Amino acid sequence: MSEDFTHVDEDGDAQMVDVGDKAESQRRAVARGQIRLTESTLAAIDADEVEKGDVLATARIGAIQAVKHTWETVPMCHQIPITNVEVEFNVDDDAVEITVAVETVGKTGCEMEALEGVTTGLNVVWDMVKANEKDDNGEYATTAIQNVRVVEKTVDR
């Protein structure tokens, strides 16, 4: 079984992949995703008029914290030295898009860290604006997190 699955040993038990013999290299991963919001919510974000505070500043902190703690939330994910995190937002007509770039020097990649940064950043945005997004029935009729993906991965050996 261990020949087929890298995170499972011959007895079927979960295991972390051994990267001890791999050479260290500079690595970078960039992930992106978006949260669809109502026009009025987007205007409130843009004008910094959301009751809970500065949505994008708070989401930036959440994204960075998530990157740094990925190994604690994704089973069998290695704790890696994060050398840089960049978080960018784009607010357009129907969504907030977040892009998170993560860099490390190590024996394994940082794609999961970039994805964790994006998803947590988007969750923070949702949390900050949920009162604005609820419809008359208390539902989130159009709010949606979507298109979360890795858009770049590089390894410099």
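Named according to an unreviewed UniProt entry, the protein chain is Probable cyclic pyranopterin monophosphate synthase originating from Haloarcula argentinensis. According to its UniProt record, the protein chain has this under Pathway (unreviewed entry): "Cofactor biosynthesis; molybdopterin biosynthesis." In its Sequence similarities (unreviewed entry) section, the UniProt record describing the protein chain reads: "Belongs to the MoaC family."

## Digging into the nonpolar core
Judged by nonpolar contacts, the single largest core of 30 residues is most densely connected at Leu-37, Ile-45, Val-55, Val-96, Ile-98 and Val-100. Look past the residues within four positions of Val-55 in its chain and what remains in contact with it is Ile-45, Val-50, Val-125, Met-128 and Val-129.

## Description of the sheet that holds strand E1 (residues 25-36)
Strand order in the open sheet made by the 4 strands is E2-E3-E1-E4, with antiparallel pairing throughout. Because the sheet does not close on itself, it has two edges, and the strands there are strand E2 (82-91) and strand E4 (144-156). Taking the axes of each pair of neighbouring strands and ignoring which way they run, one obtains an average angle of 15° across the sheet. Examined bridge by bridge, E1 and strand E3 (residues 95-106) share 12 bridges and lie antiparallel to one another. Paired with Val-30 across the two strands is Ala-101, which belongs to E3. Strands in contact with helix H4 (residues 111-133) are E1, E2, E3 and E4; relative to E1, the strand with the most contacts, it is inclined by about 25°.

## With respect to the pairing of E1
Sheet topology note: the E1/E4 ladder contains 10 bridges and is antiparallel. In the strand pairing of E4, Gln-26 is matched with Asp-156.

## A closer look at helix H2 (residues 55-68)
In a regular helix each residue adds 1.5 Å, so 14 residues correspond to 20 Å; H2 covers 20 Å between its end C-alpha atoms and thus fits that length. When we look at burial in H2, the residues that qualify are Val-55, Leu-56, Ala-59, Gly-62, Ala-63, Ala-66 and Val-67. Seen along its axis, H2 keeps its buried residues to an arc of 135°; they face one direction. Against the buried residues of H2 lie helix H1 (39-46), helix H3 (70-73), E2, E3 and H4.

## A few points about the pairing of E2
With 9 bridges joining them, E2 and E3 adopt antiparallel strand pairing. Residue pairing across strands places Val-91 opposite Val-96, the latter belonging to E3. Here E2 hands over to E3 after 3 residues, the two strands then running antiparallel side by side.

## Some thoughts on the packing of H1 against H4
One can describe the packing of H1 onto H4 by two numbers: an axis separation of 10 Å at closest approach and a directional angle of 130°. When the axes of H1 and H4 are compared, the pair comes out oblique. Crossing handedness for the pair H1 and H4: right-handed. Facing Thr-41, Ala-44 and Ile-45 of H1, the residues of H4 in contact are Val-129, Asn-132 and Glu-133.

## Considerations on the packing of aromatic side chains
Taken as a whole, this structure holds 1 aromatic pair when the rule is applied. Taken together, a centroid distance of 5.4 Å and an interplanar angle of 75° make the contact between Trp-126 and Tyr-140 edge-to-face. Of the two residues, Trp-126 is situated in helix H4 and Tyr-140 in the loop between H4 and E4; the sequence distance between them amounts to 14 residues. With relative accessibility at 22%, the residue Trp-126 sits in the partly exposed group. Looking at Tyr-140, the relative accessible area reads 30%, which means it is partly exposed.

The rules we used
Every chain's residues receive numbers from 1 upward, in the order its sequence appears when written. For this predicted model, a pLDDT threshold of at least 70 governs which residues receive local features, and a threshold of 80 or more governs which side-chain atom pairs are given and counted, while totals over whole chains, interfaces and linings are taken from all residues. In computing side-chain properties, one takes all heavy atoms of the structure into account and sets aside hydrogens as well as water. UniProt positions are given in the numbering used here, feature names are shortened, and annotations may be inferred rather than shown by experiment. We call a set of buried Ala, Val, Leu, Ile, Met, Phe, Trp, Tyr and Cys residues a nonpolar core when their side-chain atoms join them within 4.5 Å. Here the term buried applies to any residue with accessible area under 20% of the maximum for its type, exposed to any over 50%, and partly exposed to those in between, with areas from a 1.4 Å probe on protein chains only. Here, residues are in contact when the closest pair of their heavy atoms is within 4.5 Å. Strands were regarded as paired on the criterion that DSSP finds at least two bridges between them. Secondary structure elements are defined from DSSP: runs of H or I of at least 4 residues count as helices, runs of E of at least 2 residues count as strands, and each element is numbered from the N terminus. Orientation is described by axes fitted as lines to C-alpha atoms, over the contacting stretch for helices, and by angles from 0 to 180 degrees between their N-to-C directions. The span expected for a helix works out to 1.5 Å for each residue beyond the first. Each direction from the helix axis to a C-beta atom contributes to the arc, which is the arc of those directions. Angles below 35 degrees are treated as roughly parallel, those above 145 as roughly antiparallel, those between 65 and 115 as roughly perpendicular, and all remaining angles as oblique. Each helix crossing is assigned a hand: it is left-handed if the near helix lies turned anticlockwise from the far helix by less than a right angle, otherwise right-handed if that turn is clockwise. By convention, a stacked pair of Phe, Tyr or Trp rings (six-membered ring in the case of Trp) has centres within 6.5 Å and planes under 30 degrees apart, an edge-to-face pair has planes over 60 apart, and any other such pair is tilted.

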